Amino acid sequence: MIAVENLRKTFGDKVAVADLSFSLERGQTLALVGTSGSGKTTTLKMLNRLIQPTSGRILIDGQDTASLPLAEMRRKMGYVIQQIGLFPHYTVAENIAVVPQLLQHEKRTIQARSRELLERLSLPSDQYLDRYPHELSGGQQQRVGIARALAASPPVLLMDEPFSALDQITRQELRRDFRELEALKNTTTVIVTHDLEEAFELADQVCLLDHGELQQLDTPRQLLANPANEFVRTFLGSQQLRLALQVLTVADLALPGSNTKSTDARTATTYSADMRLKEVEEQLLQQASDTLAQTEDGQVFDLTDINQTAVAFLRQNRQN
């Protein structure tokens, strides 16, 4: 879907991005993370030609984006930024409709799509379509910004620190709503974030940069289990335990002997085997009574071992 080949950007003698290559399939999400000034946002802006690459190629479905008229290329890409950028004198409905109208979609189709996206993003359409941006909270505005970016079903979605200006609770809620969007199943997403937990929660692949150079490109689980060098290990640092809870699932509790901790499944809560331990932990805190998890195949585990499982995972991979 997206192929980046030897992408490079220099500003005078300074190398901002050094010969970066990666590829993404339709429906995948890549998180660009790294130190300040590492080239994350520069890379994102090169993808939609806000910044012209010094060299290298960007291909979408095999077509070099440099060969496309700029307006046509950008209409293939949704774009969400930290500052949101809603038009203040447009209603929510009018903001979401901007690109579909440019593409001459039918009015009925636009209305149905707008309602669907708002509902999926926890904004009841009958309450919000006719409001103006100044009548919305920051989290609500960001939800509308995401709906606008997805309204025309673009094959590519670019996001630059989309949740960083929000408070922690709103950020977590919006990330969960975003992750569950049906519209993303056919959309290839590239997100810039400084929040590693956010990257591990949302991304299939994480691209870690430092001073414009690629340090590691891998799945979140592999990045944590097999850091490529000392920079990666240091960058992950003290967050490793929390990050492990983002990549480990209930199935990872199935260590030798772990299902013998309780023989009484009657008080156990059933969790999907692929449910992340971070989400299980959050549910456990909300229901202080149950400490047993039962997988769909009937295995029972003690949830007090969640952190122990994460520690064991990290230790095991350090020893390998």
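The shown structure was predicted, so the numbers you read here are calculated from the model rather than taken from an experiment.

## Describing helix α5 (residues 107–120)
Item 1. Between its first and last C-alpha atoms α5 spans 20 Å; for 14 residues at 1.5 Å apiece the expected length is 20 Å, and the two agree.
Item 2. Packing partners of the buried residues in α5 comprise α3 (92–96), α4 (98–102), α6 (125–128) and α7 (138–150).
Item 3. Downstream of α5 by one or two residues, Ser122 has phi in the positive range, about 65°.

## Quick word on the nonpolar core
Item 1. Grouped together as the largest cluster of nonpolar side chains are 58 residues, with contacts concentrated most on Ile146, Phe178 and Leu224.
Item 2. With five residues, α7 is the single largest residue contributor to this core.
Item 3. Formed by 25 residues, the second largest nonpolar core is a distinct cluster that contains Met1, Ile60, Cys207 and Leu209.

## Some words on unusual backbone geometry
Item 1. Here Asp61, not a glycine, exhibits a phi torsion of approximately 50°, which is positive.
Item 2. Overall, Asp61 belongs to the exposed group, its relative accessible area being 52%.
Item 3. In this structure, Glu161 takes a positive phi of about 50° despite not being glycine.
Item 4. Owing to a relative accessible area of 14%, Glu161 belongs among the buried residues under this scheme.

## Some remarks on the pattern of salt bridges
Item 1. Under the criterion given, the structure shown has 18 salt bridges.
Item 2. In this structure, Asp19 engages Arg8 in a salt bridge whose closest nitrogen and oxygen atoms are separated by 3.1 Å. Taken as a pair, Asp19 in strand β2 (residues 14–24) and Arg8 in strand β1 (residues 2–11) lie far apart in primary sequence, eleven residues in all.
Item 3. The residue Glu282 makes a salt bridge to Lys278 at a minimum N-O spacing of 3.2 Å.

## Side note on the confidence of the model for the chain
Item 1. Confidence in the prediction of the chain, expressed as mean pLDDT, is 87, and 92% of residues score 70 or more.
Item 2. Ranking the elements of the chain by mean pLDDT puts strand β12 (residues 292–294) last with 70 and strand β9 (residues 205–210) first with 97.

Rules and cut-offs
Residues numbered from 1 in each chain as written. Predicted model: local features only at pLDDT ≥ 70, side-chain atom pairs only at ≥ 80, totals over all residues. Heavy atoms only, no water. Helix = DSSP H or I, 4+ residues; strand = E, 2+ residues; numbered from the N terminus. Expected span 1.5 Å × (residues − 1). Contact = heavy atoms within 4.5 Å. Core = buried A, V, L, I, M, F, W, Y, C linked by side-chain atoms within 4.5 Å. Buried < 20%, exposed > 50% of the residue type's maximum accessible area, 1.4 Å probe, protein only. Salt bridge = Lys/Arg side-chain N within 4 Å of Asp/Glu carboxyl O. pLDDT = per-residue confidence, 0-100.

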